[in-house]
Each structure stands twice: as C-alpha cells, then as structure tokens.
Amino acid sequence: MISPGVEPAWILSQIDRAAVLLDDRGAVIHANPAAYQLRMRLPVQGKDGFAVLLSNLPTTAWDTARQDQRWSGFVRIDAADVTLAATLLRQPRPMDGVYLATFHDAAGNDGARAHAGEPPLALSREQLQQSEKMASIGQLAAGVAHEINNPIGYVHSNLGTLQGYVEGLLNMLDAHERALAAGDLIAARAGILALRERLDIDFIINDVPKLLAESREGIERVCKIVQDLKEFSHAGHNEPMRLADLHRGLESTLNIVWNEFKYKVRLEKHYGELPLAECRISEINQVLLNLLLNAGQAIEESGTITIATGSEGEEAWISIADTGYGIPQDALTRIFDPFYTTKPIGRGTGIGLAVAYGIMARHHGRIEVRSRVGAGSMFRVVLPLRQPEAVPVEA
C-alpha cells in the first residue's frame, strides 16, 4: 500500500517530460511541472490545456492501454499547430486503474533541431530513445514509490518517538532550572531523581542516537533513489562523452529497478576491475536498465540474475544472465529488430533492445547474447574504454 505522502506523482515531479496521472475516467489526478508548462501553451477556444490534450487522445489509446498496458502514438492539435508524441500507460498494482500519460512536443523540437543542423533521422532516434526511457520510468513508478515509502515510514515513526523524548528532556531541564532558582538543590534532589526515573531518561539518552542514525540512513536512501531517478530520466542528447564509472552507473540502475523483481529474484554479483570508460553514462544506464528488466521479466516465479563485470584489453564488459525461460534460436537473429518481441502481449513493445542496440552502436560497442529455451539468457555489453573519434574527454 502506498502512503498518500509518497506517491508516484511526487516522483514524476522530478521528470522533465510532461507527465499526467489519470484515473480510469480520464480525470487528472496529478500533473508534473512540465505538464503544467505544456498546458499553458494550449488554451484552445477557452478549453483548459489538459482537456485539449486528453480529448485529442484517440479512443484506441485507452482501449489498447487497458488491454496491453501501453499505447504510443501522436496527438495533433491543429488549432495550436502542435504535434505531440504521446504515451499512455496503465499502471500495475498497487495503482491498478491509474494511467500515466506523457507528452513530448515532437514538432517543436523538429523545427529547433533542424535549424541547428541536426538531421531529422537523428531526432527521431533521440525521441524514440527518450520515449522508451520514460515508459520504463512509468512502469517502475509504483515500485520506486513503494521503495521510497519504506524509509519514509520509519523516519515518520522515529520523529514521533523523538518528539516524546524531547518533551521528556525539556521537562527534566525545567525541573533542574526550578531547583536552581529555589537555591536548595539538596531538597530538590529527591524530586529530580524521581522525575528522572519516571521519564526513563537513561533509556532516552541511549535510544536517541540510534533513532537519529536510523532516520538519517532512511533519508539518505530516499535521496539516493531520487537522485538515481533524476539522472536516469535526464535526456542525454547534449551530454558529452566523458570518463565514467560503469560500476556506479550499474548500481544506480539496480537501485531503480530492484523493487520490480526483488521478491522473486536472487541477485548474484561478480564484479571485476573496471577502468573508467568514455561514454554517455545516462545512455549506458538505459541499456543496463532494459537488460535488467528483460532478465527479471523472463523469470516467472523464482530464479537468479547474475551480474558480472570485467575488462579485456581496451574494452570493458558487463554481463547480465538470468535463469528464465530463454529465447528460441530462430528468434535470436531478430531480437534487436524494432518492434519485434518474444514477450506476451502487454509485457513487451519490441523497442527496448532496439534502443539498446542503437546506443551501443553509437558508442562503438556491441551486445552479445547467448540463450537456450528453458535455461535462460545471457546478455553481454561490451564498451571500448576510449571512443575512436577525436572527441574531447571531460574527466
């Protein structure tokens, strides 16, 4: 159960893509700041901007999202001369019946980028990549909110306990001040000792540091999740190639995705030495997230995901192996094709691996795969430590 104080809506406020949470009737539950900015640009014939957005979603969008959990397409608003790339996701439990709609101003960016000299094909690739990234965040929102809710819950409880402790300590301090004001400490000694025992001051003194340490740990956990989410959702098309810690990126991605399958998966890590690699780390994190999600979804009830890392020569590698249902041999040559998927309806769009393949190709790396039906799959990401182009490296 998600606490009202820590909802996926709060998480979506950290995302720069326009995102709106809706109920099953299409009523707005929450919209992030980017959605409000988009809304202000779309006042058409006196209608609210959200009403314009949602009324232009095709009926098939809702039908497809209800059946397959996801719809993607374009929304054209002629009166405002805007074309939006849109995604509608039906959220899983515990948010069943809640939908996440995201919108991206495709036409406006086309014009701006074309003026800047960027080819339309590159823009389409970037939009597809960011759309897949935001869809992943939408699917993970409920789980991430639950992961945040746990530490927030015990921090809230600890604050209630600390409030009682502070009141007791203030009462004790007040008794000491009254005794000092009376000038007869000996006469007041018995009363002060009785009050100290009644308030159990010794226990409070021993327990306060533990509560503070536990609360600090909980807040740091929340900050880490939010920071990882912000870094992952960042659109990295202008991010320069720079030396990055792949282990840190891997752990950051695991932190986001782990709640999705931690109750059915045993995780094994075999980390080797990984030198800093020249890359766009936000894009590499997206590759890792797609592979981790695929590994978790391939395991039906229980299984193991094994992550190994290392380097060979001038290349770094990360492998993600699962004990899931595996991929048929005749499908292995097609799994990186756009929109091809071996998953059941509603669990795969066929975009994730295609996006991952494109990212690795632009990094002059590769994805190797081995799989056998019934025995699981292993995907191995191989990345050069230095990019071959003469690109300035930021340490």
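That block above? That's the structure.
About the cut-offs
Residues numbered from 1 in each chain as written. Predicted model: local features only at pLDDT ≥ 70, side-chain atom pairs only at ≥ 80, totals over all residues. Heavy atoms only, no water. Helix = DSSP H or I, 4+ residues; strand = E, 2+ residues; numbered from the N terminus. Expected span 1.5 Å × (residues − 1). Buried < 20%, exposed > 50% of the residue type's maximum accessible area, 1.4 Å probe, protein only. Phe/Tyr/Trp six-rings, centres within 6.5 Å; stacked < 30°, edge-to-face > 60°. Contact = heavy atoms within 4.5 Å. Core = buried A, V, L, I, M, F, W, Y, C linked by side-chain atoms within 4.5 Å. Axes fitted to C-alpha atoms, helices over the stretch in contact; angles between N-to-C directions. Parallel < 35°, antiparallel > 145°, perpendicular 65-115°, else oblique. Left-handed = near helix turned anticlockwise from the far one by under 90°. Nonpolar A, V, L, I, M, F, W, Y, C, P; charged D, E, K, R; others polar. Patch = residues over 30% accessible without salt bridge, like charges linked within 9 Å, V, L, I, M, F, W, Y side chains within 5 Å. Areas by Shrake-Rupley, 256 points an atom, 1.4 Å probe, with all protein chains shown as cover. Salt bridge = Lys/Arg side-chain N within 4 Å of Asp/Glu carboxyl O.

Q: I tried to follow helix α7 (residues 185-199) on my own but got confused; where do I start?
A: An α-helical segment advances 3.6 residues per turn. Residues three or four places apart therefore align on the same side. In this model, α7 (15 residues) spans 20 Å end to end at C-alpha, consistent with the 21 Å of a helix rising 1.5 Å per residue. Among the residues of α7, those classed as buried are I192, L195 and L199. At the exit of α7 stands D200, carrying a positive phi of roughly 55 degrees.

Q: Sorry, what's going on with the packing of aromatic side chains here?
A: Aromatic ring pairs are reported here in terms of the distance separating the ring centres and the angle at which the planes meet. Counted under the stated rule, the structure contains three aromatic pairs. Centroid distance Y165 to F203: 6.4 Å. Interplanar angle 85 degrees. Geometry classified as edge-to-face. Highlighted residues: Y165 in helix α6 (residues 120-182) and F203 in helix α8 (residues 201-233), separated in sequence by 38 residues. For F203, a relative accessible area of 42% translates into the label partly exposed.

Q: I'm lost on unusual backbone geometry in this one. Help?
A: Peptide bonds are mostly trans, and most non-glycine residues show a negative phi. For D200, which is not glycine, the phi dihedral falls at a positive 55 degrees. Counting through the fold element by element, D200 comes out in the loop between α7 and α8.

Q: When you look at the environment of A175 in this model, what are you seeing that I'm missing?
A: Take A175: it is sitting in helix α6. Taking the relative accessible area as the measure of exposure, A175 reaches 9% and is therefore buried. Expressed as a C-alpha distance, the spacing of A175 and R196, which sit 21 residues apart in the sequence, is 9.7 Å. Leave out the neighbours within four places in its chain, and A175 touches I192 and L195.

Q: Teacher, can you tell me more about the nonpolar core here?
A: In terms of nonpolar packing, the biggest core is built from 39 residues, with L246, I284, V287, I305, I307 and I320 touching the most fellow members. At the level of secondary structure, the elements contributing two or more residues to this core comprise α9 (246-257), β8 (277-279), α10 (281-298), β9 (303-312), β10 (315-322), α11 (352-362) and β12 (376-384). If one sorts the elements of this core by residue count, α10 sits on top with eight residues. Excluding its chain neighbours within four sequence positions, the residues that come into contact with I284 are L246, C279, I359, M360, H363 and L383. Of all hydrophobic cores here, the second largest spans 26 residues; its members include L22, A31, W71 and Y99.

Q: What should I look at first to understand the packing of α9 against α10 in this one?
A: Geometry of a packed helix pair, given as the angle between the helix axes and the separation of the axes. At a minimum axis separation of 9 Å, α9 and α10 run at an interaxial angle of 50 degrees. Considering their axes alone, α9 and α10 lie oblique with respect to each other. Regarding α9 and α10, the two cross each other, and that crossing is right-handed. On α10, the residues that touch L246, G249, L250, T253, L254, I256 and V257 of α9 are I281, I284, N285, L288, L289, L292 and L293. Of the residues assigned to the contact of α9 with α10, the class counts are eleven nonpolar, three polar and no charged.

Q: I would appreciate a short explanation of a nonpolar patch on the surface in the present structure.
A: On the surface, V166, L170 and L173 cluster together into a nonpolar patch covering about 270 Å² of accessible area. Tracing the backbone through its elements, the reader meets V166 in helix α6. On the basis of relative accessibility, which here comes to 44%, the residue V166 falls in the partly exposed class.

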